[in-house]
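A structural walkthrough
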Amino acid sequence: MTLKVAIASFAHGHAMSYADLLNQLPDVEVLSADPDGASAPDPGPRGAELAAQLGVPYVDSYDELFAWGPDAVVVTSENALHRGLVERAAAAGAHVLCEKPLATEVEDGEAMLAACEAAGAILMVAYPVRFSPQYLRLRASVEAGLLGDVFAVLGTNNGKIPIGGRQWFTDPKLAGGGALVDHTVHCADLIDGLTGGAAPQRVYAAANRVLHQDKGVEVETGGLVTVNYDNGLLATIDCSWSVPDNGPTWGGVTLQVTGTNGSVEIEPFLPRINGTDPDGEVYLGIGENFDASMLATFLRAVRESGPAVAGQPPAAVPQPDGAVGVRTLRIVDAARRSATSGQPVDL
Amino acid sequence: MSEELAGLTVGLIGAGNIAHLHVAAWKALGARILVHSLEGAETMAEQYGLEVAASLDGCLAEAEFVDVVTPSATHKEVTLAAIKAGRNVICEKPLTLTAADSHEVIAAAAAAGVRIYPAHVVRFFPAYVAAHSAIQAGRIGDVAVARFFRQASSPAGGWYGDVARSGGVIMDLMVHDLDQARWMCGDVTKVYAVQNPPTVEGISPLTVAAHVTLTHASGAISHCRATWAAAGSAFQSGYNIAGSTGVLKYTSAADTGYAEELQDGGAAADLLIPANTLGESPYLTQLREFALALRGGPEPRVLAPDGAAAVYLAEAARASMETGRVIDMVTFDPTGAAA
């Protein structure tokens, strides 16, 4: 059965990766729309021009996109605009893969979860690092008890400031904040997956704007977020945009997990070839494409579930689901409030 | 032996873990070592060819200065005895278990015209010296976000597990990185700390992690992570310091330029302290700098107030853990904080 998959917005750069991968899949028909692209202040192409470059069919409006009757919608708009598109997708009976973070406000995330639940639609959040072989092995080791009781985690998601291609990442309204919003959630998701959904209880965040002062951004560029979970686990996430503009690669994710019987550290984006070229240091990633595994998991669940039936839960609930999206969003929201108040926030 | 240190007699007080490294350094400097300890002095003297001082007073009387490597809770008492005897003191970190005690010791030393140098040896490790120099030279611009970590095979089965004696994982292990954070990022204005599992009735869990977030007057933020890890875990430390124009990264496990895999007869990994560095031992670098200073040379890179400041930060971390609040270092008064 051919699946009709819609891509709603090219605002997030990951849309390009998803479009490219979806295009290569047999039995998948793709249609895209990026009506806000024309007015975006981005240097690169958006809208019809980008769709043509990617080789994906394009329509000018979301009305046309949803009228097409997609089986599934990939939402890759600005963070603050996820809710509207996810609610539209749910209303149209389409399953949803939503770019992270799920939303900028917890209230929005909960509404999206409720909308998909009412529609019987899948809501999956695009956390691709979950699908890396390094993480899968770590999780298997934790589940097999090889680490003993896990009591502390240090996660880092450091990267270049994401303003080169897309200006909205540093817009406090559209993005919901800066580094705290952009980069806390990946590690929070990986920890959520290790604990089976432990609830954050206390969150402390220190943030500053020492990095990228030359760029005139209005959001935090550096941040350290410490979380106590209800199962006792202690975790800190460094979410800083601290990879310099001239770094050899965009950045990466690390997770250092300590248990009573030992520890594991993963760096999923590390496998690479080193060397030099005329521009300096070479950094050629040689790992698997985590986006491909994530999309495959989503589409498998969409096929298994068939058309959404209102009031009836989908047959397959792929992880990470909307509930993970809301839990990780709660951490971000608490971190933002803590950074403002200067004190930890109890949830 | 260097000429400046000819005829040196050091009084070594204590014969535990760190004493072995200090003995090696003093011997490399050609010093005569008089060891005094409640336990283990004879064994150590026999092992390294040292002389035993039967009493503390005897040791103080004969030594030119003393090197205090006793359990942390006795640093104050031993140091005050040395000051009373008019002897300069090199004291293992933490200088004392409370900032109030550190200040008392510093005041007593000043009154007696005696000097105290706290052995914050990480300031002598080449990787940390290199980062400090690069930051001072402006190589990475303004420091924005710094992370430091340190992990040791848990010593908490012994006296270290008694928080009244060791101060726990923050006072004993993280105190190195609290000092580094100050050294690299400047004075601290706010401290937030959490530990898991928590200390119960004064006894540290065997395996435990502490995470401390510092805000610095410069605007930088930093994170110190200290872990007493599963028994047998190799010692590790490292940092990641991001500044406005660059980043500096180091991990002790990966960045030595030497890797070995020996099937038989290989050296065991260091568990408690990072003894196995290539090049000159940082303990030797440290004790030479201290000894030369005590012989009239230039002041060393770390002084008693630095030791007191690190203890003060560790106390603030404990207060933060106890209250669940951020500690404002401008107003923090640790008097009354449990030792």
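Residues numbered from 1 in each chain as written. Chains lettered and ligands numbered in written order. Predicted model: local features only at pLDDT ≥ 70, side-chain atom pairs only at ≥ 80, totals over all residues.

Of regular secondary structure, chain B possesses 10 helices and 13 strands. Relative to the 2.2 N^0.38 estimate, which gives 20 Å for 339 residues, the radius of gyration of chain B is 19 Å and therefore close to what a compact globule would have. With respect to the three principal axes, the spread of C-alpha positions in chain B is 50 × 50 × 40 Å. When each of the 339 residues of chain B is scored for burial, the buried share is 53%. In chain B, once contacts between residues fewer than 6 apart in sequence are set aside, the share between residues at least 24 apart is 71%. (Helix = DSSP H or I, 4+ residues; strand = E, 2+ residues; numbered from the N terminus. Rg over C-alpha atoms; globule rule 2.2 N^0.38 Å. Buried ≥ 20, exposed ≤ 12 C-beta atoms within 10 Å, placed from the backbone. Contact = placed C-beta atoms within 7 Å.)

The feature "domain: Gfo/Idh/MocA-like oxidoreductase N-terminal" (unreviewed entry), as given by UniProt, occupies residues 9-119 of chain B in the numbering adopted here. With 46% helix and 23% strand, the stretch residues 9-119 of chain B has end C-alpha atoms that lie 18 Å from each other. (UniProt positions renumbered as here; feature names shortened; annotations may be inferred.)

Mapped onto the present numbering, the UniProt feature "domain: GFO/IDH/MocA-like oxidoreductase" (unreviewed entry) falls on residues 135-265 of chain A. What you have in residues 135-265 of chain A is 23% helix and 34% strand, and the ends, taken at the C-alpha atoms, are 9 Å apart.

What follows is about the environment of B:Ala73. All names here are of chain B. Mapped onto the elements of the fold, Ala 73 is located in the loop between strand S4 (65-68) and helix H4 (75-84). Exposure remark for Ala 73: the 18 C-beta atoms within 10 Å place this residue in the partly exposed category. Sequence separation between Ala 73 and Ala 209 is 136 residues; the distance between their C-alpha atoms is 22 Å. With near-sequence residues (within four places) excluded, Ala 73 lies in contact with Leu 97, Ala 164 and Arg 165.

A separate point is the nonpolar core. Ranked by internal contacts, the top residues of the largest apolar core, which has 217 residues, are A:Val96 and B:Met174. What A:Val96 contacts, discounting residues up to four positions off in sequence, is A:Val73, A:Val75, A:Val86, A:Ala89, A:Ala90, A:Cys116, A:Ala121, A:Ile122, A:Leu123 and A:Met124. (Core = buried A, V, L, I, M, F, W, Y, C linked by C-beta atoms within 7 Å.)

Bringing the environment of A:Val106 into the picture now. With respect to the element layout, A:Val106 can be found in helix H5 (residues 106-119). In this structure the C-alpha to C-alpha distance between A:Val106 and A:Val326, which are 220 residues apart in sequence, comes to 6.6 Å.

Let's shift gears to the domain arrangement of chain B. Residues and elements named next belong to chain B. As far as domains go, chain B holds domain 1 (3-121) and domain 2 (124-277 + 303-328). For domain 1 and domain 2, the distance between their C-alpha centroids amounts to 24 Å. Each partner contributes residues to the interface: domain 1 has 21 residues there, and domain 2 has 25 residues. Here the side of domain 1 that touches domain 2 is composed, by residue class, of 13 nonpolar, 7 polar and 1 charged. (Domains from an automatic or database assignment. Nonpolar A, V, L, I, M, F, W, Y, C, P; charged D, E, K, R; others polar.)

The next thing to look at is the UniProt feature "domain: GFO/IDH/MocA-like oxidoreductase" (unreviewed entry) in chain B. Feature annotation in UniProt places "domain: GFO/IDH/MocA-like oxidoreductase" (unreviewed entry) on residues 128-248 of chain B, given in this structure's numbering. Between the first and last C-alpha atoms of residues 128-248 of chain B the distance is 10 Å; the span itself is 26% helix and 40% strand.

Contacts between chain B and chain A engage 30 residues on the former and 30 residues on the latter. Within the residue set of the side of chain B that touches chain A, elements represented by two or more residues are strand S7 (143-153), strand S8 (188-196), strand S9 (208-216), strand S10 (221-229) and strand S12 (246-251) of chain B. If you tally residues by element for the side of chain B that touches chain A, the top one is S10(B), at 5 residues. When grouped by side-chain class, the residues that make up the side of chain B that touches chain A number 13 nonpolar, 13 polar and 4 charged.

Residues and elements named next belong to chain B. Along its 18 residues, helix H8 (residues 168-185) runs 24 Å from first to last C-alpha, staying within 8% of the 26 Å computed at 1.5 Å per residue. The largest bend in H8 amounts to roughly 60 degrees and is located at Met 174. Most of H8 is tucked away, with 18 of its 18 residues classed as buried. Trailing H8 by a residue or two, Gly 186 shows a phi angle of about 95 degrees, which is positive. (Expected span 1.5 Å × (residues − 1). Bend = angle between axes of the 7 residues up to and from the residue.)

In the predicted model, chain B carries a mean pLDDT of 93, and the fraction of residues at 70 or more is 95%. Overall fold confidence (pTM) sits at 0.93, and the ipTM for the predicted complex is 0.90. (pLDDT = per-residue confidence, 0-100.)

This paragraph deals with the packing of helix H4 (residues 82-91) of chain A against H5(A). Residues and elements named next belong to chain A. The interhelical angle for the contact between H4 and H5, taken along N-to-C directions, is 10 degrees, at an axis separation of 9 Å. Classified by the angle between their axes, H4 and H5 sit roughly parallel to one another. Between H4, through His 82, Arg 83, Val 86, Glu 87, Ala 90 and Ala 91, and H5, the contact on the second element is made entirely by Asp 108, Ala 111, Met 112, Ala 115, Cys 116 and Ala 119. Across the contact of H4 with H5, the residue classes tally to 8 nonpolar, 1 polar and 3 charged. (Axes fitted to C-alpha atoms, helices over the stretch in contact; angles between N-to-C directions. Parallel < 35°, antiparallel > 145°, perpendicular 65-115°, else oblique.)

All right, on to helix H10 (residues 322-341) of chain A then. Residue and element names in this part refer to chain A. Taking 1.5 Å per residue, 20 residues should reach 28 Å; H10 reaches 28 Å between its end C-alpha atoms and fits that length. Of all 20 residues making up H10, 14 are buried, and the element is well covered by its neighbours. Following H10 by one or two positions, Gly 342 has its phi on the positive side, about 80 degrees.

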